[in-house]
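# Residue-level structure breakdown
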Amino acid sequence: MAIYTSDGKQLLNVEYDDIVEVNDTVDGMLVMSKDTRGDEYVVFMLEANRNICAYVFDEVFIIGRVSGFESLPDAIEAWKNDEI
């Protein structure tokens, strides 16, 4: 289990080949699920308010961020429908 922090644009103090995995922590949020699409990958995390947010990464760079999903299946469906 790794702990990552970001500045909103990229992960800080990491190597370019570091990849966020399930059960890691990013910005204080637990990573619950992960999926890939091409060179990008998304991690779904539990926010403090119990909603789900998604960070889309290209290597260590955050290229997309959406929050406020009520459930993990809702967030995953949005990812699979190219809404994130």
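Residues numbered from 1 in each chain as written. Predicted model: local features only at pLDDT ≥ 70, side-chain atom pairs only at ≥ 80, totals over all residues. Heavy atoms only, no water.

### So, the confidence of the model for the chain
Overall, the prediction assigns the chain a mean pLDDT of 94, with 100% of residues at 70 or greater. When pLDDT is averaged over each helix and strand of the chain, the minimum, 94, is found for strand β6 (residues 61–69) and the maximum, 97, for strand β4 (residues 40–46). (pLDDT = per-residue confidence, 0-100. Helix = DSSP H or I, 4+ residues; strand = E, 2+ residues; numbered from the N terminus.)

### Remarks on the packing of aromatic side chains
Enumeration according to the criterion identifies 3 aromatic pairs in this entry. Here the aromatic rings of tyrosine 41 and phenylalanine 57 are separated by 5.2 Å at their centres, their planes lie at 20°, and the arrangement is stacked. Taken together, the positions of tyrosine 41 in strand β4 and phenylalanine 57 in strand β5 (residues 52–58) put the pair 16 residues apart, joining distant regions of the chain. Residue classification places tyrosine 41 among the buried residues on the basis of a relative accessible area of 4%. The buried category is assigned to phenylalanine 57, whose relative accessible area is 0%. With a centroid separation of 6.2 Å and an interplanar angle of 55°, the aromatic rings of tyrosine 55 and phenylalanine 57 are classed as tilted. In this pair, the class of tyrosine 55 matches that of phenylalanine 57, namely buried. Put simply, the rings of Tyr41, Tyr55 and Phe57 pair up and form one aromatic cluster. (Phe/Tyr/Trp six-rings, centres within 6.5 Å; stacked < 30°, edge-to-face > 60°. Buried < 20%, exposed > 50% of the residue type's maximum accessible area, 1.4 Å probe, protein only.)

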